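# Residue-level structural notes
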Amino acid sequence: AEYIPISSSLSSTQLISAATSAASDAQVSSSSSAQQVFEAVAPDTSLLVGFGVVVVLCIVAGYVWANEVVPVSRTKLAISKSRGEVREYLDELRISDETVTDEFNVTTTMMADGDDPNSMVENSKPTAGDDRGFERWLFTDWLSKPTGKGGRQKEPALPILKDAKWNSGDNPVLVTAAIMMLGVVIASVTERIAT
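Residues numbered from 1 in each chain as written. Predicted model: local features only at pLDDT ≥ 70, side-chain atom pairs only at ≥ 80, totals over all residues. Heavy atoms only, no water.

Tallying secondary structure elements over the protein chain gives seven helices and zero strands in all. Listed N to C, the secondary structure of the protein chain is α-α-α-α-α-α-α in terms of helices and strands. Classification of the 195 residues of the protein chain by burial places 9% in the buried group. If you take every contact in the protein chain between residues at least 6 apart in sequence, the share linking residues at least 24 apart comes to 46%. (Helix = DSSP H or I, 4+ residues; strand = E, 2+ residues; numbered from the N terminus. Buried < 20%, exposed > 50% of the residue type's maximum accessible area, 1.4 Å probe, protein only. Contact = heavy atoms within 4.5 Å.)

Before going further, it helps to spend a moment on the side chain of Ser-80. Secondary-structure assignment places Ser-80 in helix α2 (residues 45-83). According to the relative accessible area criterion, Ser-80 is buried, its value standing at 16%. Not counting the four nearest positions on each side in its chain, Ser-80 is found in contact with Glu-85, Val-86 and Arg-87.

In low-pLDDT regions, the fine details of the predicted coordinates are not to be read closely. Model confidence for the protein chain is summarised by a mean pLDDT of 74, while 60% of its residues fall at 70 or above. When the elements of the protein chain are averaged for pLDDT, helix α4 (residues 117-123) gives the smallest value, 43, and α2 the largest, 92. Scored below 50 in pLDDT, residues 108-112 makes three contacts in the model with residues more than four places away or belonging to other chains. (pLDDT = per-residue confidence, 0-100.)

The next subject is the packing of aromatic side chains. Per the counting criterion, the structure on display carries three aromatic pairs. When the centroid spacing of 5.5 Å and the interplanar angle of 40° are considered together, the rings of Phe-139 and Trp-142 count as tilted. Owing to a relative accessible area of 29%, Trp-142 belongs among the partly exposed residues under this scheme. A connected cluster of aromatic rings, assembled from ring pairs, spans Tyr-89, Phe-139 and Trp-142. (Phe/Tyr/Trp six-rings, centres within 6.5 Å; stacked < 30°, edge-to-face > 60°.)

Among the surface-exposed residues, Val-56, Val-60, Tyr-63, Val-64, Trp-65, Val-69 and Val-173 lie close enough to one another that they form a single nonpolar patch of about 640 Å² accessible area. Take the nonpolar patch: its biggest share by element is six residues, from α2. Looking at Tyr-63, the relative accessible area reads 55%, which means it is exposed. (Patch = residues over 30% accessible without salt bridge, like charges linked within 9 Å, V, L, I, M, F, W, Y side chains within 5 Å. Areas by Shrake-Rupley, 256 points an atom, 1.4 Å probe, with all protein chains shown as cover. Salt bridge = Lys/Arg side-chain N within 4 Å of Asp/Glu carboxyl O.)

Another aspect to go through is the pattern of salt bridges. Considering all chains together, one arrives at four salt bridges under this definition. For Asp-91, the salt bridge is made with Arg-87, and the minimal N-O distance between the two is 3.9 Å. With Asp-91 and Arg-87 both in helix α3 (residues 85-112) and four residues apart, the pair spans about one turn of that helix. Residue Arg-87 is classed as partly exposed on the basis of its relative accessible area, which comes to 42%. When the shortest N-O distance is used, the salt bridge between Arg-94 and Asp-91 registers 3.0 Å. Here Asp-91 and Arg-94 lie together in helix α3, a separation of three residues that amounts to about one turn. Residue Arg-94 is classed as partly exposed on the basis of its relative accessible area, which comes to 24%.

The structure is reproduced here in structure tokens:
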């Protein structure tokens, strides 16, 4: 509010008109602030440049991953499977699998011969070589001999992209993306149910 000096030379009419004009100015300023309109403003150019840089980096990283990292890693793995450490590991799993299978056949033969039930329970206990069953299960595809030519023997994980090289259920990027999408769907459904 503005300061109106009161002097003895002003008349009462002048004082009333000054007070009325001050009150009307206060109403106009308060009504203009209540009716203030906000309009859309384009984002700052530096923000747009930052978004663009992130998008370009993601595209470049995806390209390098798909065309450099994955093929080189697959080649190294194929060489290791044919004559390297992975082949030695798979051979050890095959040998332990044959040992467990032989022990299972011996146990089955003993049960067929009519031994007493107590000895059958003792013979069916897991052996030292049986602790690799989970490992054999994980590498079942690699341990079994392929029946056809080389290349993909499995069905694609995403049927709509049958020709994509990365389209398999054991691709960690694809599995992670699927788990994330499942989490988004579950969160959306639970949010809808909760409201």
